[in-house]
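Here are the chains, one letter per residue:
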Amino acid sequence: MNTTTATQNVDESEIAKFERMASRWWDLNGEFKPLHDINPLRANYIDERAKVAEKNVLDVGCGGGILCEALYQRGANVTGIDMGAAPLEVAKLHGLESGAKVEYLQTTAEAFAQESPETFDTLTCLEMLEHVPDPGSAIKACTRLLKPGGDIFFSTINRNPKAYGFAILGAEYLLKLLPKGTHEYSKFIRPSELCAWARDAGLVVEDICGITYNPLTKKYRLNPNDVDVNYLLHARKVK
């Protein structure tokens, strides 16, 4: 069941999908290998543009805590929120093993924004917008959680034939980088749509950068000139 209210923006089938894989979240060669591979690129991009050390950082849709721990290692005070109970338990257990002191909460961005508005210096919401019924609602909630002048980062997948070929046919069926059914093409988000939602929420877009994959070298890299498939967006809350 899909639910969208003032505090809920949840697709239960999407949550269940990641609950089933939760125990393998930190398996470097499992279903989440692509996330582990791109995590250093994403964390460096965020840290270079927002300098997270000693900042209060919130990761929305944190899953098993891969990005949370990377930002904690860079000196941030990190909170992670997600609606999946199993991924959060995995994140907490891994934090005990790694020593990463991250606070994890089971809640939506909408509900948390009502409780803790303008609390965080930096907010990240990566690979989540294409899994919720109302991305615009999530973006507005994320903006409410951010302090004026704070930095916010989104990542998602573009919607075009190339993205369908690479992110679904290529990644899920040919190369088997991801389990079949991980993504739905109709939920992919064009940069123009993401920018419009960001501006509507009161954000100023600072940068958009693509993440590309070379199937021959099996390497990912940041590419500001290619946002055809995966991309990051950095914005700032001006007031």
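Residues numbered from 1 in each chain as written. Predicted model: local features only at pLDDT ≥ 70, side-chain atom pairs only at ≥ 80, totals over all residues. Heavy atoms only, no water.

Participant: I keep staring at the environment of Y45 and nothing clicks. Help me out?
Facilitator: Within the element layout of this structure, Y45 appears in helix 2 (residues 33-50). Owing to a relative accessible area of 6%, Y45 belongs among the buried residues under this scheme. Measuring from C-alpha to C-alpha, the distance between Y45 and A111 comes to 28 Å, with 66 residues separating the pair along the chain. Non-local contacts of Y45, meaning those with residues more than four positions away in its chain, are made with F153, D207, I208, C209, L222, L232 and H234. A polar side-chain atom of Y45 sits 2.5 Å from a polar atom in the side chain of D207. (Helix = DSSP H or I, 4+ residues; strand = E, 2+ residues; numbered from the N terminus. Buried < 20%, exposed > 50% of the residue type's maximum accessible area, 1.4 Å probe, protein only. Contact = heavy atoms within 4.5 Å. Polar contact = N/O pair within 3.5 Å; in protein donor to acceptor, adjacent residues only side chain to side chain.)

Participant: I keep staring at the packing of aromatic side chains and nothing clicks. Help me out?
Facilitator: Aromatic rings considered in pairs are described by the distance between their centres and by the relative angle of their planes. For the structure shown, the criterion picks out seven aromatic pairs. Ring centres of F18 and W25 lie 6.2 Å apart, and the angle between their planes is 45°; on these two criteria the pair is classed as tilted. A network of ring pairs unites the aromatic residues F18, W25 and F32 as a single cluster. Over the ring of F166 we find K162, and its NZ or CZ is 5.6 Å from the ring centre. (Phe/Tyr/Trp six-rings, centres within 6.5 Å; stacked < 30°, edge-to-face > 60°. Lys NZ or Arg CZ within 6 Å of the ring centre and 35° of its normal.)

Participant: Where do I start with helix 8 (residues 191-200) in this structure?
Facilitator: An α-helical turn contains 3.6 residues, so any two residues separated by three or four positions project in the same direction. Within helix 8 the residues assigned to the buried category are P191, L194, C195 and A198. Down the axis of helix 8, the buried set is contained in an arc of 100°. They therefore lie on one face. Exposed and oriented more than 90 degrees from the buried face of helix 8 are S192 and D200. Looking at the buried positions of helix 8, the neighbouring elements they touch are helix 6 (135-145), strand 7 (146-157), strand 8 (203-214) and strand 10 (230-237). Of the residues one or two after helix 8, G202 is the one with positive phi, at around 100°. (Arc of directions from axis to C-beta.)

Participant: Whenever I open this one, the sheet that holds strand 9 (residues 219-223) confuses me. Can you help?
Facilitator: Picture the strands of a sheet paired through backbone hydrogen bonds; they go either parallel or antiparallel. With mixed pairing, the eight strands of this open sheet are ordered in space as 5-4-3-6-7-10-8-9. Each having just a single partner strand, strand 5 (103-106) and strand 9 make up the two edges of the open sheet. Adjacent strand axes in the sheet meet at a mean angle of 20° when their direction is disregarded. The pairing of strand 8 with strand 10 spans eight bridges and is classified as antiparallel. Paired with V204 across the strands is R236, a residue of strand 10. Across the sheet, helix 4 (residues 85-98) is in contact with strand 4 (77-82) and strand 5; its angle to strand 5 comes to roughly 170°. (Pairing = 2+ DSSP bridges. Axes fitted to C-alpha atoms, helices over the stretch in contact; angles between N-to-C directions.)

Participant: I would appreciate a short explanation of the side chain of T182 in the present structure.
Facilitator: Mapped onto the secondary structure, T182 falls in the loop between helix 7 (161-174) and helix 8. Once residues within four sequence positions are removed from consideration, T182 is found in contact with E14, K17, H131 and E172.

Participant: Explain the state of the cysteines here, please?
Facilitator: A covalent bond between the sulfur atoms of two cysteines is what we call a disulfide. Scanning all chains against the criterion turns up zero disulfides. You can see C62 has no disulfide; the closest cysteine sulfur is in C68, sitting 4.7 Å from it. A relative accessible area of 6% means that C62 is categorised as buried. C209 takes part in no disulfide bond, and the closest cysteine sulfur, belonging to C195, lies 13 Å away. On the basis of relative accessible area, C209 is assigned to the buried category, the value being 5%. (Disulfide = S-S within 2.5 Å.)

Participant: For this particular structure, what's the right way to read the nonpolar core?
Facilitator: Grouped burial of nonpolar side chains is what soluble globular proteins tend to show. Core analysis: the largest hydrophobic core is formed by 29 residues, its most contacted members being V60, L123, L129 and F154. Only strand 3 (56-60), helix 5 (109-115), strand 6 (120-126), helix 6, strand 7, helix 8 and strand 10 provide two or more residues apiece to this core. Sort the elements by how many residues they give to this core and helix 6 lands first, with five residues. Here L123 is in contact with L58, V60, C142, L145, L146, D151, I152 and F153, once residues within four sequence places are set aside. (Core = buried A, V, L, I, M, F, W, Y, C linked by side-chain atoms within 4.5 Å.)

Participant: How do you make sense of the pairing of strand 3 when you look at a structure like this?
Facilitator: The side chains of a regular strand alternate between both faces of the sheet. Buried residues dominate strand 3, accounting for four of its five residues. Across five bridges, strand 3 lies against strand 4 in parallel orientation. Residue pairing in the sheet places N56 in a bridge with N77 of strand 4. Assessed by its sense of winding, the connection that carries the chain from strand 3 through helix 3 (residues 66-73) to strand 4 is right-handed. Bridge count between strand 3 and strand 6: three bridges; the pairing is parallel. In the strand pairing of strand 6, V57 is matched with T122. (Right-handed = clockwise from strand over helix to strand, strands pointing away.)

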